[in-house]
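Chain by chain, the residues:
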Amino acid sequence: MRFEIMRLDDADGSAVDSTVVDAASVNRIVQQAAATGQRIYIRPADTAAR
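What you see is a predicted model, and the numbers here were worked out from it, not measured in a lab.

A few words now on the sheet that holds strand 2 (residues 15-22). Hydrogen bonds between backbone atoms are what pair the strands of a sheet, whose relative direction is either parallel or antiparallel. The sheet built from 3 strands is open, its strands ordered 2-1-3 with antiparallel pairing. The open sheet has two edge strands, strand 2 and strand 3 (40-44), and neither has a second partner. Strand-to-strand twist across the sheet, computed as the mean angle between neighbouring axes with direction ignored, equals 20°.

So this is what it looks like as structure tokens:
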């Protein structure tokens, strides 16, 4: 399964950028975001966009 991870702006919460990753990469990205205090939003990637 693939997920879209969006980095959010600290001021207004809008998406600054996004990337699509496989399920194995999600934990690493979440750990990095937690360590740096970065706000992220994760959702399943659109499977039609493959």
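Right, picking up where we left off after that structure.
Let us now look at the environment of Val16. Structurally, Val16 can be placed in strand 2. Val16 sits in the partly exposed class, given a relative accessible area of 44%. In this structure Val16 touches Arg7, Leu8 and Asp9, once residues within four positions along its chain are discounted.

The rules behind these values
- Residues numbered from 1 in each chain as written.
- Predicted model: local features only at pLDDT ≥ 70, side-chain atom pairs only at ≥ 80, totals over all residues.
- Heavy atoms only, no water.
- Pairing = 2+ DSSP bridges.
- Helix = DSSP H or I, 4+ residues; strand = E, 2+ residues; numbered from the N terminus.
- Axes fitted to C-alpha atoms, helices over the stretch in contact; angles between N-to-C directions.
- Buried < 20%, exposed > 50% of the residue type's maximum accessible area, 1.4 Å probe, protein only.
- Contact = heavy atoms within 4.5 Å.

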